[in-house]
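What follows is the residue order along each chain.
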Amino acid sequence: VQLQASGGGLVQAGGSLRLSCSASGRASDNNFMGWFRQPPGKEREFVATISWSGDDTLYADSVKGRFFISRDNAKNTVYLQMNSLTPEDTAKYSCVAGPMGRWWYANRPAAYNYWGQGTQVTVSS
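This one's a predicted model, so the numbers in the text were calculated from it and none came from an experiment.

Colleague: Got a minute to help me understand the environment of Gly101 in this structure?
Modeller: Summarising the element assignment, Gly101 is placed in the loop between β9 (91–99) and β10 (114–115). Sequence spacing of Gly101 and Ala111 is ten residues, and the spatial spacing of their C-alpha atoms is 8.9 Å.

Colleague: I tried to follow the packing of aromatic side chains on my own but got confused; where do I start?
Modeller: How two aromatic rings sit relative to each other is set out by the distance from centre to centre and by the angle between their planes. Applying the stated criterion to the full structure yields seven aromatic pairs. Relative to Tyr112, the ring of Phe32 has its centre 5.0 Å away and its plane inclined at 70 degrees; by these criteria the two rings are edge-to-face. Here Tyr112 lies in the loop between β9 and β10 and Phe32 lies in strand β4 (residues 31–38), a separation of 80 residues in the sequence. Each member of the pair, Phe32 as well as Tyr112, carries the same accessibility label: buried. Plain terms: the ring middles of Tyr112 and Trp115 are 6.3 Å apart, the flat faces sit at 75 degrees to each other, and that makes the pair edge-to-face. What makes Trp115 partly exposed here is its relative accessible area of 33%.

Colleague: How do you make sense of the state of the cysteines when you look at a structure like this?
Modeller: Note: disulfide means a covalent bond formed between the sulfur atoms of two cysteine side chains. Using the criterion set out here, one finds one disulfide in the structure. The side chain of Cys21 participates in a disulfide bridge whose partner is Cys95; the two sulfur atoms lie 2.0 Å from each other. A torsion of -85 degrees about the S-S bond marks the disulfide between Cys21 and Cys95 as left-handed. Within this pair, whereas Cys21 is found in strand β3 (residues 17–24), its partner Cys95 is found in strand β9, the two being separated by 74 residues in sequence. On the basis of relative accessibility, which here comes to 1%, the residue Cys95 falls in the buried class.

Colleague: Explain the environment of Met33 here, please?
Modeller: As for its placement among the helices and strands, Met33 is situated in strand β4. A relative accessible area of 1% means that Met33 is categorised as buried. Distance in space between the C-alpha atoms of Met33 and Cys21 is 9.2 Å, their sequence separation being twelve residues.

Colleague: Please explain the pairing of strand β1 (residues 2–6) as it appears in this structure.
Modeller: Moving residue by residue along a regular strand, the side chains alternate between the two faces of the sheet. Burial of β1 is one-sided: the residues Leu3 and Ala5 facing one way are buried, the residues Gln2, Gln4 and Ser6 facing the other way are not. Bridging between β1 and β3 involves five bridges; their strand directions are antiparallel. Across the sheet, Ala5 pairs through a bridge with Cys21, a residue of β3.

Colleague: Help me understand the pattern of salt bridges in this model?
Modeller: Opposite charge on two side chains permits them to pair, given that their charged atoms come into close proximity. All chains considered together, the criterion is met by four salt bridges. Between Asp61 and Lys64 there is a salt bridge, with the nearest N and O atoms lying 3.2 Å from each other. For the salt bridge of Asp89 with Arg66, the shortest nitrogen-to-oxygen distance reads 2.8 Å. Residue Asp89 is found in the loop between β8 (77–82) and β9, and its partner Arg66 is found in the loop between β6 (57–59) and β7 (67–72); the two are separated by 23 residues along the sequence. Taking relative accessible area as the criterion, Asp89 reaches 1% and is therefore assigned buried. Its relative accessible area of 16% is what places Arg66 among the buried residues.

What counts and what doesn't
Residues numbered from 1 in each chain as written. Predicted model: local features only at pLDDT ≥ 70, side-chain atom pairs only at ≥ 80, totals over all residues. Heavy atoms only, no water. Helix = DSSP H or I, 4+ residues; strand = E, 2+ residues; numbered from the N terminus. Phe/Tyr/Trp six-rings, centres within 6.5 Å; stacked < 30°, edge-to-face > 60°. Buried < 20%, exposed > 50% of the residue type's maximum accessible area, 1.4 Å probe, protein only. Disulfide = S-S within 2.5 Å. Pairing = 2+ DSSP bridges. Salt bridge = Lys/Arg side-chain N within 4 Å of Asp/Glu carboxyl O.

Written out as structure tokens, the structure is:
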């Protein structure tokens with residue numbers, strides 16, 4: 001089971017990026033999938049997550065209205081569209097997956113049993 005994130009890079013403040021996460025094996029089977037990030041020198045933090053059906057989403061307050069999560073189960077892929085990026089969004093973004101039974105605490109790392117290696121996003125001012 002692997003989660004492979006891509007799409008990171010360097011972007012100017014105000015710009016946009018779209019991250020993708022492809023799941024192999026059974027990482028996406030009936031799982032909710034999402035993203036965490038870890039800024040340089042800071043704790044890991046929740047970004048967004050989406051239910052298996054795609055009907056339910058959850059966002060951190062810091063990204064609401066700017067980031068949008070979606071998924072394509074036929075492709076075993078989840079996306080994170082990031083708009084209006086600021087330097088405070090600079091971080092390593094990791095893709096995660098967890099069983100739907102843990103949705104009630106989906107903003108916590110403990111809800112997830114699959115973690116990808118991450119992709120770096122750097123926003124310049």
